[in-house]
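If you want the building blocks of each chain, they are given just below.
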Amino acid sequence: MMRRLLLGLPFALAVGLITALALLLFKPQQTPRAAVDFVVTASPLIGQPLPDWEFAALDAGPALRSGDLPALARGASPTAAPEARFLLLNFWASWCQPCVSEHPLLVSLGNAGLPLVGVAFKDAEADPQTFLARLGNPFLTVLTDPEGQGALQFGISGVPETYVIDGNGIIREHLRGELTLETIEARLLPLLQGAQGE
Amino acid sequence: MRQLLGIVLFLLASGTAAQSITLSAEQEQRAYQLGLGLACPQCDGQTINTSEADMARLMKDYIRDAILRGDSDADIFTFFESRYGTAVILPNGRSGALRWLPWLLGLAILLAAGFWIRAGRRAARADLAAEAPW
């Protein structure tokens, strides 16, 4: 009887440890952090001024500093309230499939009169140009971020990623992932509708 | 040993970053520890140390540059938190208790297996001895 108990002890220990480990792992304060879906987490940049960064232009044109973007947002209506003027800053890449998928939406928005600026993220010189030649170029100016350091300043979590900037240089929306009609309806439209009253 | 292994893995994962920016051993260790505390924004729950994704590499490069120019750990975390939010900051490594538990568990299972095999053999021998007429 005693021997049976002794033999069973290592097993009991093993079972006990497995149970303890399971309990420890699933205790709320020690649960390993769940995979964070950055597409849905709130961006700390909304309501904040644009991060300062200078982007080179794709076609050896003049470089653009973030501080130059609000003027582009105010654009053709310099007398309108700056907070009611918007510009879309779109980070994309020719090697990115969702960027291809969302591009027609950007072209439509451009045609509707919304100013857009594009930044080619970690893309070789020729490829973004080919992309735009094929799919259309809605951008007022095309910038480039070959190493991606500008993107890091903007808190990019991947491409495509789009910022809605107003005439005061404030980031009003930070849209991660592919632009869809749903996203535009839920997050861009309210801004535009709010602006209509001004 | 575990620290060394971790640093080697971190250096391998850093790829070109490790080649272009040279840090002292102490700075490497610091970069590694910081990396344990940051989530890669485009990978499921991985730290930037173990990810090869674009953003993880950029973040690792940023950390190395920041260490070289003398930024504090707080400066570095503040930078990432201001761009990515609190979701990007991870609890740094595992708590002490959890670290040794899996090892102890493995040992216990091995012991249990050993005892079980021994008990089985003894029982088999005992049965044989009982059956044998001599």
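Source: prediction; values computed, not measured. (Residues numbered from 1 in each chain as written. Chains lettered and ligands numbered in written order. Predicted model: local features only at pLDDT ≥ 70, side-chain atom pairs only at ≥ 80, totals over all residues. Heavy atoms only, no water.)

A. Quick look at unusual backbone geometry. Residue and element names in this part refer to chain A. Between Val-159 and the following residue, Pro-160, the backbone shows a cis peptide bond with an omega angle of 0°. Among the secondary structure elements, Pro-160 is positioned in the loop between helix H5 (149-153) and strand E6 (161-166). One non-glycine residue, Ala-60, lies in the positive phi region at around 55°. Examined against the element boundaries, Ala-60 turns out to sit in the loop between strand E1 (54-57) and strand E2 (64-65). With a relative accessible area of 75%, Ala-60 lands in the exposed category. In this structure, Lys-122 is a non-glycine residue whose phi angle is positive, near 50°. (Helix = DSSP H or I, 4+ residues; strand = E, 2+ residues; numbered from the N terminus. Buried < 20%, exposed > 50% of the residue type's maximum accessible area, 1.4 Å probe, protein only.)

B. Structural view of the confidence of the model for chain B. Across chain B, pLDDT averages 81, with 77% of residues at or above 70. Quick note on the complex model: pTM equals 0.72, ipTM equals 0.77. (pLDDT = per-residue confidence, 0-100.)

C. View of the packing of aromatic side chains. Counting across every chain of the model gives 11 aromatic pairs over all chains. Ring geometry for Phe-91 of chain A versus Phe-154 of chain A: centroids 5.6 Å apart, planes at 50°, classification tilted. Here the residue Phe-91 of chain A occupies a position in strand E3 (residues 86-92), and Phe-154 of chain A occupies one in the loop between H5 and E6, the gap between them amounting to 63 residues. Exposure class is identical for Phe-91 of chain A and Phe-154 of chain A. Each is buried. Within the aromatic cluster, the residues linked to one another by ring pairs are Phe-55, Phe-91, Phe-154 and Tyr-163 of chain A. Looking at Arg-69 of chain B, its charged tip hangs above the ring of Tyr-62 of chain B, at a distance of 5.2 Å from the centre. (Phe/Tyr/Trp six-rings, centres within 6.5 Å; stacked < 30°, edge-to-face > 60°. Lys NZ or Arg CZ within 6 Å of the ring centre and 35° of its normal.)

D. Quick peek at the state of the cysteines. Enumeration according to the criterion identifies two disulfides over all chains in this entry. Note that Cys-96 of chain A is cross-linked by a disulfide to Cys-99 of chain A, the S-S spacing being 2.1 Å. On the S-S bond that ties Cys-96 of chain A to Cys-99 of chain A, the torsion sits near 85°, and the link is right-handed. Judged by relative accessible area, Cys-96 of chain A falls into the buried class, the value being 5%. On the accessibility criterion, Cys-99 of chain A (1% relative accessible area) is buried. Disulfide pairing is shown between Cys-40 of chain B and Cys-43 of chain B; the S-S distance is 1.9 Å. (Disulfide = S-S within 2.5 Å.)

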